[in-house]
Amino acid sequence: MSQAVTSSVSSSEPLDLIKFCLDEQIYLKLRGGREMVGRLHAYDSHCNIIISDAIETIYYIDKEDGEMKNTKKKSDMIFVRGDSVILATDATNVETN
């Protein structure tokens, strides 16, 4: 029998969890083998997100040796379209390479 995990943070809507991250570091897992970490400034009901001081990590397979590699890009401010977001969470407990 499984037990429900309780939290001290109360929310009534799924996007309420994002609201608690406003002006905090947020981790986004995106389509296309991408991840992003940055400070959350705004979001909407479509999960469109604006973050600042963003670091985007793009994962790819190297054609020469077939190994997984990544490249990082920094942006002062970036708009992330909601349909590319797979996961959004507080970045404090997420390990990034």
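### Quick word on the sheet that holds strand E3 (residues 49–61)
Pairing is antiparallel in the open sheet, where 5 strands are placed in the order E4-E3-E2-E1-E5. Here the strands that pair on one side only, and so sit at the sheet edges, are strand E4 (68–80) and strand E5 (85–90). Sheet twist, expressed as the average angle between the axes of neighbouring strands with direction ignored, equals 25°.

### Some points on the confidence of the model for the protein
Of the residues in the protein, 87% have a pLDDT of 70 or more, and the chain-wide mean is 88. Under a pLDDT of 50 for its full length, residues 1–6 has, in the predicted model, 0 contacts with residues more than four places off or in other chains.

### Quick look at a nonpolar patch on the surface
There is a patch of nonpolar side chains on the surface, built from Ile50, Met77 and Phe79 and spanning about 300 Å² of accessible area. Structurally, the position occupied by methionine 77 is in strand E4. Take methionine 77: its relative accessible area is 51%, and that puts it in the exposed class.

### Details of unusual backbone geometry
Its identity as a non-glycine residue notwithstanding, aspartate 23 has a phi of 65°, on the positive side. Relative to the assigned elements, aspartate 23 resides in the loop between helix H1 (16–19) and strand E1 (25–30). Positive phi values are uncommon outside glycine, yet cysteine 47 reaches one of about 70°. Mapped onto the elements of the fold, cysteine 47 is located in the loop between strand E2 (34–43) and E3.

Cut-off values and rules
- Residues numbered from 1 in each chain as written.
- Predicted model: local features only at pLDDT ≥ 70, side-chain atom pairs only at ≥ 80, totals over all residues.
- Heavy atoms only, no water.
- Pairing = 2+ DSSP bridges.
- Helix = DSSP H or I, 4+ residues; strand = E, 2+ residues; numbered from the N terminus.
- Axes fitted to C-alpha atoms, helices over the stretch in contact; angles between N-to-C directions.
- pLDDT = per-residue confidence, 0-100.
- Contact = heavy atoms within 4.5 Å.
- Patch = residues over 30% accessible without salt bridge, like charges linked within 9 Å, V, L, I, M, F, W, Y side chains within 5 Å.
- Areas by Shrake-Rupley, 256 points an atom, 1.4 Å probe, with all protein chains shown as cover.
- Salt bridge = Lys/Arg side-chain N within 4 Å of Asp/Glu carboxyl O.
- Buried < 20%, exposed > 50% of the residue type's maximum accessible area, 1.4 Å probe, protein only.

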